[in-house]
Amino acid sequence: MIDVTALGEVLIDFTDAGTSAGGQKLFERNPGGAPANVLVACRRLGHSAAVIGKVGDDMHGAFLRDVLDENGVDTQGLVTDPDVFTTLAFVALSPDGERSFSFARKPGADTMLRSSEVDRGIIEESRVFHMGSLSLTDEPARSASLVALARASAAGCIKSYDPNYRASLWGSKAEAAAQMRSVVEHMDVVKISAEECELLTDKADPAEAAAAILSQGPSIVVVTLDAEGAYVATQDGDRTVPSFRTEAVDTTGAGDSFWGGFLCALVESGKAPAEVGIDEAAEFVRFGNAVASLCVRARGGIPAMPSREAVDKLLAGA
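Here's what I pulled together on the structure shown here. Not measured: the values here are computed from a predicted model.

Observations regarding the state of the cysteines
Here is step 1 of the chain: Counted by the stated rule, this structure contains 0 disulfides.
Here is step 2 of the chain: Between Cys295, a cysteine without a disulfide, and Cys42, which holds the nearest cysteine sulfur, the sulfur-to-sulfur distance is 13 Å.
Here is step 3 of the chain: Residue class for Cys295 comes out buried when judged on its relative accessible area of 0%.

So, in structure tokens, the structure goes:
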């Protein structure tokens, strides 16, 4: 069995790296994409992981495949397409480590995954099927995502969703809201940020937003609260779990590392999401908080995903 399979964007983050001697902005090539980040986090924490997605037949696509292979992620479901270019994201960092994005994705390879290219066998062998919302922005990837989700439901996978909003990738906010909401009812566990609450539910308050999502079918909802930690809700209660205090160097991949940690803790429990009570869900969040805390202390993204040993050490000393 594969512990976690994720479908979606595998891309290059060209990350702000200061300025050159001539005063021009420098960008450093880093592997990225939220689903890929989650998978590497899972691998660093000792769990098996597989990717379903598409890259171009170019230097960046080869680099991304190599990085995933080196980190032990199964890349059998990662398609290489000679007709499209690997998706690129340029990431600028503010002094406090927050990010702004500019995408080269018109189209990018991740949007061109076709339903016929989805490896159904991988999904059927997976305990958790995870997806974000960037694969819903464009066809044919939107249809491919829905086919994969249906297969995951039929196979009895735990279905995980992180609707990661990037305004520039949608035609309008209304379109984004409609598409991002369209799959919520099919999910078992959902993570959103505080900024995404209103977009997903018309409720700005995290508790109200979580309750609205729970009413649609998911068993566990987590709302990340940046430095304040995360709010988690189940059918039998809710709780805010504080973060581990740390000085952030780079927040790139922080939410993905958190969710990788959460999913690993869920898998290790051996329980279906509907069987998880609030006390146990809060422990999953605490574990995810520890993973994220270590991630943001280093230059962000895949290279910063911490080891299981480092996470266990932090938890033991807390």
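Having put the structure on the table, let's press on.
Notes on helix H2 (residues 59-70)
Here is step 1 of the chain: An ideal rise of 1.5 Å per residue puts 16 Å on 12 residues; H2 measures up with 16 Å between its terminal C-alpha atoms.
Here is step 2 of the chain: For H2, the capping residue at the N-terminal end is Asp58, with a side-chain oxygen 3.1 Å from the backbone nitrogen of His60.
Here is step 3 of the chain: At the C-terminal side of H2, Gly72 shows a positive phi close to 85°.

Quick word on the nonpolar core
Here is step 1 of the chain: Counting 56 residues, the largest nonpolar core has Val222 and Phe262 as the members making the most contacts within it.
Here is step 2 of the chain: By residue number, the principal contributor to this core is helix H9 (residues 278-296), which donates 11 residues.
Here is step 3 of the chain: Formed by 40 residues, the second largest nonpolar core is a distinct cluster that contains Met180, Ile192, Ile213 and Val221.

Focus on the pattern of salt bridges
Here is step 1 of the chain: Per the stated rule, a full pass over the model turns up 16 salt bridges.
Here is step 2 of the chain: The closest approach of N and O atoms between Arg127 and Asp3, which form a salt bridge, is 3.6 Å. Of this pair, Arg127 sits in strand S8 (residues 126-132) while Asp3 sits in strand S1 (residues 2-7), and the two are 124 residues apart along the sequence.
Here is step 3 of the chain: Under the relative-accessibility criterion, Arg127 is labelled partly exposed at 34%.
Here is step 4 of the chain: Note that Lys54 is salt-bridged to Glu117, the shortest N-O span being 2.9 Å.

Notes on the packing of helix H8 (residues 254-269) against H9
Here is step 1 of the chain: In contact at an axis separation of 7 Å, H8 and H9 are set at 140° when each is read in the N-to-C sense. Here H8 lies oblique to H9, going by the angle between them. Both H8 and H9 take part in a crossing whose hand is right-handed. When H8 is examined against H9, the residues Ala254, Ser257, Phe258, Gly261, Phe262, Ala265, Leu266 and Ser269 are found in contact with a partner set consisting of Glu280, Ala281, Phe284, Val285, Phe287, Gly288, Asn289, Val291, Ala292, Cys295 and Val296.
Here is step 2 of the chain: Class assignment of the residues belonging to the contact of H8 with H9 gives a composition of 13 nonpolar, 5 polar and 1 charged.

Observations concerning H8
Here is step 1 of the chain: Here H8 is 16 residues long and its end C-alpha atoms lie 23 Å apart, about the 22 Å a rise of 1.5 Å per residue gives.
Here is step 2 of the chain: With 13 of 16 residues buried, H8 lies mostly within the body of the structure.
Here is step 3 of the chain: Note on H8: the residue one or two positions beyond its end, Gly270, has a positive phi of about 75°.

Reading the values: the criteria
- Residues numbered from 1 in each chain as written.
- Predicted model: local features only at pLDDT ≥ 70, side-chain atom pairs only at ≥ 80, totals over all residues.
- Heavy atoms only, no water.
- Disulfide = S-S within 2.5 Å.
- Buried < 20%, exposed > 50% of the residue type's maximum accessible area, 1.4 Å probe, protein only.
- Helix = DSSP H or I, 4+ residues; strand = E, 2+ residues; numbered from the N terminus.
- Expected span 1.5 Å × (residues − 1).
- Polar contact = N/O pair within 3.5 Å; in protein donor to acceptor, adjacent residues only side chain to side chain.
- Core = buried A, V, L, I, M, F, W, Y, C linked by side-chain atoms within 4.5 Å.
- Salt bridge = Lys/Arg side-chain N within 4 Å of Asp/Glu carboxyl O.
- Axes fitted to C-alpha atoms, helices over the stretch in contact; angles between N-to-C directions.
- Parallel < 35°, antiparallel > 145°, perpendicular 65-115°, else oblique.
- Left-handed = near helix turned anticlockwise from the far one by under 90°.
- Contact = heavy atoms within 4.5 Å.
- Nonpolar A, V, L, I, M, F, W, Y, C, P; charged D, E, K, R; others polar.

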